[in-house]
Amino acid sequence: MKIVDLKCAIIGKSPVVRIVTDEGISGYAQAETWKHYLKPHILALREALVGEDPTLVERVMLKIRQRGGFKPWGAAVSAVEMALWDLAGKAAGLPVHKLLGGKVRDKVRVYNGSIRFPLAGHRPEDYADDMRRMMALPEGFTIFKQPIGFHSPMKREVPNFYYGEPNASPFHGALDRGPVTEKGLRHLVDCVAAMKEVAGSTVGLALDCGPGWMLGDAIRLSRMLEPFNLLWIEDVLSGDYTPWVNAGVYRELTRASVTPIHTGEQIYLRQNFKELIETHAVHVIGPDPADVGGIAELKWIAEFADLHGITIAPHGTANGLLGLAALIQVSATLPGNFIAFEYTTADPPWWSEIVEGLPSPIVRNGMIDVPDRPGMGVELIPDRAKEYLTEDDRDFFS
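Residues numbered from 1 in each chain as written. Predicted model: local features only at pLDDT ≥ 70, side-chain atom pairs only at ≥ 80, totals over all residues. Heavy atoms only, no water.

A. Structural detail: the overall build of the protein. Within the protein, the secondary structure is distributed over 16 helices and 14 strands. By the compact-globule yardstick of 21 Å for 398 residues, the protein fits well, its C-alpha radius of gyration being 21 Å. For the protein, the spread of C-alpha atoms along the principal axes amounts to about 65 × 40 × 40 Å. In the protein, buried positions account for 59% of the 398 residues. In the protein, of all internal contacts separated by at least 6 residues, the share reaching a separation of at least 24 is 73%. For the protein, the exposed area adds up to about 15500 Å²; of that, 51% sits on carbon and sulfur atoms. (Helix = DSSP H or I, 4+ residues; strand = E, 2+ residues; numbered from the N terminus. Rg over C-alpha atoms; globule rule 2.2 N^0.38 Å. Buried < 20%, exposed > 50% of the residue type's maximum accessible area, 1.4 Å probe, protein only. Contact = heavy atoms within 4.5 Å. Areas by Shrake-Rupley, 256 points an atom, 1.4 Å probe, with all protein chains shown as cover.)

B. Region of interest: the pairing of strand β1 (residues 3-11). Judged by how many residues are buried, β1 sits mostly within the fold: 8 of 9 residues are covered. Pairing between β1 and strand β2 (residues 14-21): 8 bridges, direction antiparallel. For Ile 11, the partnering residue across the bridge sits in β2 and is Ser 14. Remark: 2 residues form the turn of the hairpin made by β1 and β2, two consecutive strands paired antiparallel; Gly 12 in that turn has positive phi of roughly 70°. (Pairing = 2+ DSSP bridges.)

C. How the structure looks around the pairing of strand β3 (residues 26-30). When you tally the buried positions in β3, you get 5 out of 5 residues, the bulk of the element. Side chains Ser 26, Tyr 28 and Gln 30 of β3 all project onto a buried face; the interleaved residues Gly 27 and Ala 29 project onto the opposite face, where all are buried too. Pairing analysis gives 5 bridges linking β2 to β3, with the strands arranged antiparallel. Counterpart to Val 20 in the pairing with β3 is Ser 26.

D. Unusual backbone geometry, seen in detail. The omega torsion across Gly 210 and Pro 211 is 15°, close enough to zero to call that bond cis. Here Pro 211 is to be found in the loop between β6 (204-208) and α9 (215-224). Note that the residue after Ser 360, namely Pro 361, is joined by a cis bond; omega there is -5°. Summarising the element assignment, Pro 361 is placed in the loop between β12 (355-356) and β13 (367-369). Although it is not a glycine, Asn 365 sits at a positive phi angle of roughly 55°.

E. Seen up close, the side chain of Ser 26. Mapping Ser 26 onto the fold places it in strand β3. Look at Ser 26 and you get buried, because its relative accessible area is 9%. Within the local environment of Ser 26, its side chain forms a polar contact with the side chain of Arg 18, the two groups lying 3.0 Å apart. What Ser 26 contacts, discounting residues up to four positions off in sequence, is Arg 18, Ile 19, Val 20, Asp 86, Leu 87 and Lys 90. (Polar contact = N/O pair within 3.5 Å; in protein donor to acceptor, adjacent residues only side chain to side chain.)

F. Seen up close, the environment of Leu 207. Locating Leu 207 in the fold gives a position in strand β6. Taking C-alpha positions, Leu 207 is 18 Å from Phe 338, a pair spaced 131 residues apart along the chain. Leu 207 has contacts with Lys 145, Gln 146, Ile 148, Val 192, Met 195, Leu 225, Leu 230, Trp 232, Ile 233 and Glu 234, leaving out every residue within four places of it along the chain.

G. Local environment of the packing of α9 against helix α10 (residues 247-256). Their axes nearest at 9 Å, the elements α9 and α10 cross at an angle of 25°. Compared by their axis directions, α9 and α10 come out roughly parallel. As for the relative orientation of α9 and α10, their crossing is right-handed in sense. Contacts between α9 and α10 pair Leu 215, Ala 218, Ile 219, Ser 222 and Arg 223 from the former with Val 249, Glu 252, Leu 253 and Ala 256 from the latter. Here the residues of the contact of α9 with α10 sort into 6 nonpolar, 1 polar and 2 charged. (Axes fitted to C-alpha atoms, helices over the stretch in contact; angles between N-to-C directions. Parallel < 35°, antiparallel > 145°, perpendicular 65-115°, else oblique. Left-handed = near helix turned anticlockwise from the far one by under 90°. Nonpolar A, V, L, I, M, F, W, Y, C, P; charged D, E, K, R; others polar.)

H. Broad picture of the sheet that holds strand β10 (residues 311-312). Taken together, 6 strands build an open sheet; the order of strands is β5-β6-β7-β8-β9-β10 and the sheet is parallel. Two strands lie at the open edges of the sheet, namely β5 (143-147) and β10, each paired on one side alone. Pairing geometry for strand β7 (residues 232-234) and strand β8 (residues 261-263), over 2 bridges, is parallel. Paired with Glu 234 across the strands is His 262, a residue of β8. Across the sheet, helix α8 (residues 182-199) is in contact with β5 and β6; its angle to β6 comes to roughly 155°.

Below is the structure:
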């Protein structure tokens, strides 16, 4: 089997990769919905792939892995990697989890980081109401992650939240950063207290806090949050689109905190997790398969973290339904340090009409059944997807 073409189409808001072979089998993958600009980056990898055997995934990846970087620039390589695994599984007639060593769990836990409701404001009572709505969702999630502080409009909507001016930027994930006022700290903690009063101990609560905090403020925040038994506080110092790790500073925070410290969604490749893990700079890591270099890369990082007593909660909020399928397959194979991965939805909603293979409903009691269909376990339906292709992408399925 040989690769004869690499294609990319923007379907809805998502770049979708198709690897075409001379045996009529194709592999598909999806990048984050935020990254429509990736199409030329993906297509630039075509020359390296054509003529290669797609079932030799690592051999192909060795040709392109150095062409990626920290979020968002590792996403093109990551999408190709996942499409290769989809293709390899279909060629073997096996689910991808069996190619990765086999599933160790039949159901995978997900946490809600993507199903959101408009907040009425950023007062404690608004966060309490939001927690009630999320806990009433039919998916029965057992873990919720709430954007707050620098990872939310709170930095703009709460007067004098911090000593700085929010940055006006056209880009998703713009970095606002600065010292937080005492008022800002106490307001955030009051909002968390209101959410925990609703949630009690029946569900887990995590916070997506930044990036943007100064180390001293982050230490104060972590200590003020200790009574609430949070699952983690995420990306306090760096994260999202910041192109560095900052492991040494994270280690100072982690050593001072009982509340688990989490980061990693922007990091590309295992080498850039090495110091974070070996120095125990965090308690929890959250690589995203659509940014870290793919699912095999994520599995390697998870196992290395497990050796060091570090847990993993993979990121994936905007990875779409093809990305959801990839997260299910790899999460089924991860060691016991796996907590849950971030649930991702159909965006736009009509994506659920052009993909088949996912269970219905997808999530029951906060869990997803691991499918045993070949490849990633899902298929695009070309006849339905074609109507959403732009004129430039009309030949995507041909």
